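This is what each chain is made of:
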Amino acid sequence: MMAGVDTIRAVLGGEITFEAGLDALTVAPDADGALAQAVAVAADRLFQAGWQPAELHRVVARLGDPVQAQVIADAAKAYLGKFTDVDPRWRAQAEELPRNTVRADRIKRNDATLGLLLELRRLPRIEALIPPPGTVATTRYQGAGNRILERVRALLAKAEGTDFPAEAEAFSAKAQELIAKHSIESVLTAAPEAVPLARRVGVDHPYESEKATLLDAVARANHCHTVWSPELAFSTVFGFDSDIDAVELLYTSLLVQANRAMARDEPAKGKARIKVFRRSFLVAYAHRIGERLERTTRHEIERHTDLLPVLRSRDLKVQEALTRAFPRTVKARGSRVDSLEGWESGRAAADEAELG
């Protein structure tokens, strides 16, 4: 009879099949402890390789097994408990992961945990945007945390809550004006030594590519740039911290509004037709939102033409940060538009959307 540690090592190394390993773990007396230790080691490796708690949990949760998602959440919380000096952003993510409410018998849990270990081995090293526990933080992100963004959040909540396009449009004008002014204020008050940051934003299925296009449109209109990593289902947004805050606020709200408008306007019948409609809708929505955002941003910049050299310099810094992190990128192909109905509906919904 193989010990639990040896069985796990044999499965991960491809020496025995998953099914044979699971059978061996069922009768191994040390199986539970061996699996828990293997998950802890794998989580340690990934956290030191740049993964954040929320990102790792999200990638695992996308696999569709709630037991696996709970196992990795528990591992992140246990990892956090080993350290006293932890970046507050890292700590907040770990503490916000779901509590253990999943019920599973021993065999089901062993099955899920062994499968999880195979999935974790496939995850690559990524850039550490937040210093992991046990390392020294070089940059402490403070966030915008000011009254302007609080007002924008309030406008967004109103826009998401109304069923009247005209009312949402009224919120839109004020909220986008505040966002643009906030961006200019940030440039005027930025410290000379300020450097661009990066933040990964999850992009969920379905229609990930189209949603990533919307995020990119919002980012470009707000002095940021994105890199889409489809295999990991997130985009990395590069920019200065206050601009990234605005991008996240805008993107999250616009996606809520897009989904609501899309459900309202989509065809009543035909699964294939609905899929094509939604894809075309989101492409048009992203395109039109980008136009509106850029127009408002240009209008605000034209009132501060003396800032153009500063804005160009900041943009170069952002692009340099992106190139350092991703020295090799490929320009993504645009999504096809196969539904005129979806395209027109998406543009109309974008014209109604709250852009705060």
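Not measured: the values here are computed from a predicted model. All residue numbers here refer to positions counted from 1 along the written sequence of the relevant chain. Side-chain atom pairs in this predicted model are given and counted only at pLDDT of 80 or more, local residue features only at pLDDT of at least 70, and totals for whole chains, interfaces and linings cover all residues. Heavy atoms throughout the structure, all of them, feed into the side-chain values; hydrogens and water do not.

Caption draft 1: Quick peek at the overall build of the chain. In terms of helices and strands, the chain carries 14 helices and 3 strands. Type-normalised accessible area, obtained with a 1.4 Å probe on protein chains alone, sets the label of each residue: buried when under 20%, exposed when over 50%, and partly exposed for intermediate values. Burial statistics for the chain: of 356 residues in total, 46% are counted as buried. Residue contacts are defined here by distance: any two heavy atoms, one from each residue, within 4.5 Å place the two residues in contact. At a minimum sequence separation of 6, the contacts of the chain that also span at least 24 residues come to 79%. Taken as a whole, the chain presents about 18,200 Å² of accessible surface, with 54% of it coming from carbon and sulfur. The secondary structure listing takes helices from DSSP runs of H or I that are at least 4 residues long and strands from runs of E that are at least 2 residues long, numbered from the N terminus. To be clear on the numbers: accessible area is Shrake-Rupley with a 1.4 Å probe, and residue cover counts the displayed protein chains and nothing else.

Caption draft 2: Geometry of the side chain of S253. Note that S253 resides in helix α11 (residues 241–265). Discounting chain neighbours no more than four positions away, the residues touching S253 are L156 and E160.

Caption draft 3: Layout of the packing of aromatic side chains. Note on aromatic pairs: the rings of Phe, Tyr and Trp (six-membered ring only in Trp) are paired at centre separations within 6.5 Å, and the planes decide the class, stacked below 30 degrees, edge-to-face beyond 60, tilted for the rest. Scanning all chains against the criterion turns up 8 aromatic pairs. Between F47 and Y79 the ring centres are 5.1 Å apart and the planes differ by 40°, which places this aromatic pair in the tilted class. Of the two residues, F47 sits in helix α3 (residues 31–48) while Y79 sits in helix α5 (residues 66–80), which places them 32 residues apart along the sequence. Geometrically, the ring pair formed by F238 and F326 is edge-to-face, given 6.0 Å between the ring centres and 85° between the ring planes. Linking F238 in strand β3 (residues 234–239) with F326 in the loop between α13 (308–325) and α14 (340–352), this pair joins segments that are 88 residues apart in sequence.

Caption draft 4: Spotlight on the side chain of H225. Tracing the backbone shows H225 in strand β2 (residues 225–229). The buried category is assigned to H225, whose relative accessible area is 13%. In this structure the side chain of H225 is engaged in a polar contact, spanning 2.9 Å, whose partner is the side chain of D315. Leave out the neighbours within four places in its chain, and H225 touches R220, T236, V237, F238, D315, V318, Q319 and L322. We define a polar contact as two N or O atoms separated by no more than 3.5 Å, with the added condition that, inside protein, one atom must be a possible hydrogen donor and the other a possible acceptor, whereas residues neighbouring each other in sequence contribute only through side-chain atom pairs.

Caption draft 5: Representation of the sheet that holds strand β1 (residues 197–202). Two strands pair if DSSP finds at least two bridges between them. The 3 strands lie next to each other as β1-β3-β2, forming an open sheet whose pairing is antiparallel. Looking at strand neighbours, the two that pair on one side only are β1 and β2, the edges of this open sheet. The average undirected angle you get between the axes of adjacent strands in this sheet is 20°. Sheet strands touched by helix α10 (residues 208–220): β1, β2 and β3. Its angle to β2, the strand with the most contacts, is close to 165°. As a rule, the C-alpha atoms of each element are fitted with a line to give its axis, helices using only the stretch in contact, and angles between N-to-C directions run from 0 to 180 degrees. In the packing of α11 onto the sheet, contacts are made with β1 and β3, and the angle to β1 comes to roughly 15°.

Caption draft 6: Quick look at the pairing of β2. Within β2, 4 of the 5 residues are buried, which leaves the element mostly enclosed by the surrounding structure. As judged from the 5 bridges shared by β2 and β3, these two strands associate in the antiparallel manner. If you follow W228 over to β3, its bridge partner there is S235. Here β2 hands over to β3 after 4 residues, with A233 in that stretch at a positive phi of 60°.

Caption draft 7: Quick peek at α10. Counted at 1.5 Å a residue, the expected span for α10 with its 13 residues is 18 Å, and the 18 Å between its end C-alpha atoms agrees. All buried positions along α10 are accounted for by E210, K211, A212, L214, L215, D216, A217, V218 and A219. Elements that come into contact with the buried residues of α10 comprise β1, β2, β3, α11 and α12 (271–302). To estimate the expected span of a helix, subtract one from its residue number and multiply by 1.5 Å.

Caption draft 8: Quick look at the environment of V218. Mapped onto the fold, V218 is located in helix α10. It is 8.8 Å that separates the C-alpha atoms of V218 and E248, two residues lying 30 residues apart in sequence. Residue contacts for V218: discarding those within four places in its chain leaves V247, L250, Y251, L254, I289 and L293.

Caption draft 9: Region of the structure containing the packing of helix α2 (residues 18–27) against helix α7 (residues 106–121). Two numbers describe how α2 lies on α7: the axes approach to 10 Å, and their chain directions differ by 135°. Here α2 is positioned oblique relative to α7, judged by the angle of their axes. Considering how the two elements wind past one another, α2 and α7 form a crossing that is right-handed. In this structure, α2 contributes F18, G21, L22, L25 and T26 to the contact, and α7 contributes R106, I107, N110, D111, L114, G115 and L118. When an angle is under 35 degrees it counts as roughly parallel; over 145 it counts as roughly antiparallel; between 65 and 115 it counts as roughly perpendicular; any other value is oblique. Note on convention: the crossing is left-handed when the near helix lies turned anticlockwise from the far helix by less than a right angle, right-handed when the turn is clockwise.

Caption draft 10: Spotlight on the environment of A28. Of note, A28 is situated in the loop between α2 and α3. C-alpha separation for the pair A28 and G4, spaced 24 residues apart in sequence, amounts to 5.6 Å.

Caption draft 11: The arrangement of the pattern of salt bridges in detail. The salt bridge definition used is simple: a Lys or Arg side-chain nitrogen within 4 Å of an Asp or Glu carboxyl oxygen. Under the counting rule described, the total for this entry stands at 16 salt bridges. The residue R9 makes a salt bridge to D6 at a minimum N-O spacing of 3.1 Å. Here the residue R9 and the residue D6 both occupy positions in helix α1 (residues 4–12), the gap between them amounting to 3 residues, near one helical turn. You can call D6 partly exposed: its relative accessible area is 39%. Linking R279 and E210 is a salt bridge whose minimum nitrogen-to-oxygen distance equals 3.1 Å. Highlighted residues: R279 in helix α12 and E210 in helix α10, separated in sequence by 69 residues. Of the residues examined, R279 reaches a relative accessible area of 27% and is grouped as partly exposed. On the basis of relative accessibility, which here comes to 2%, the residue E210 falls in the buried class. Sharing partners across several salt bridges, the network here consists of R199, D245 and E248.

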